[in-house]
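Okay, here's what each chain looks like letter by letter:
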Amino acid sequence: EVKALIIHSDDDKTVSFKHNFGVLRKKIDNDRVQFIATTGKNHNPNYTKDASELLSDYVLNMQTKLKNKELETSEQKTAFLDGYDFRKMTCQDDKIWNKIIEFLG
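Rules and cut-offs
- Residues numbered from 1 in each chain as written.
- Predicted model: local features only at pLDDT ≥ 70, side-chain atom pairs only at ≥ 80, totals over all residues.
- Heavy atoms only, no water.
- Helix = DSSP H or I, 4+ residues; strand = E, 2+ residues; numbered from the N terminus.
- Buried < 20%, exposed > 50% of the residue type's maximum accessible area, 1.4 Å probe, protein only.
- Contact = heavy atoms within 4.5 Å.
- Areas by Shrake-Rupley, 256 points an atom, 1.4 Å probe, with all protein chains shown as cover.
- Lys, Arg positive; Asp, Glu negative; His and termini not counted.
- Charge placed at Lys NZ, Arg CZ, Asp CG, Glu CD.
- pLDDT = per-residue confidence, 0-100.
- Core = buried A, V, L, I, M, F, W, Y, C linked by side-chain atoms within 4.5 Å.

A few words on the overall build of the protein chain. Within the protein chain, the secondary structure is distributed over five helices and two strands. Listing every helix and strand of the protein chain by position from the N terminus yields β-α-β-α-α-α-α. Considering only C-alpha atoms, the protein chain reaches an extent of 55 × 30 × 25 Å along its principal axes. Per-residue burial over the protein chain gives 25% buried out of 105 residues. In the protein chain, of all internal contacts separated by at least 6 residues, the share reaching a separation of at least 24 is 66%. For the protein chain, the accessible surface area stands at approximately 7,700 Å², while carbon and sulfur atoms represent 52% of it. Mean positive and mean negative side-chain charge positions of the protein chain (17 and 17 charges, respectively) differ by 5 Å.

Dropping the structure here:
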């Protein structure tokens, strides 16, 4: 028996919530498939909202700096990376992980 857990944030800018999560939820009526919708986590539903916002800021800032050729030297790269707290940026959402663990149990 195969089970599936689909987790999606309603503000995902990478994969459309409406066209993917919403359509799947309507078309799949099966007790082996569980759906969890989150809010404010963009493309990272297992991260905390703050972590997702920090990651989004990091990516946008990096793209801008790359475009402006501001990350060409090792000093520039080091200064850029030192400006971010990667621990906060990858902080996981315990509520979502508990649901994942419960689902797998």
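So that's the structure; there's more coming.
Below, the discussion takes up the confidence of the model for the protein chain. Taken residue by residue, the protein chain gives an average pLDDT of 92. The fraction at 70 or more is 100%. Within the protein chain, helix α1 (residues 17-27) has the poorest average pLDDT of any element, 88, and helix α3 (residues 74-82) the best, 97.

One finds Tyr58, Leu71, Phe80, Tyr84 and Met89 forming the largest nonpolar core, which totals five residues. In this view, Phe80 contacts Tyr58, Asn61, Met62, Lys65 and Leu71; residues no more than four positions away in its chain are not counted.

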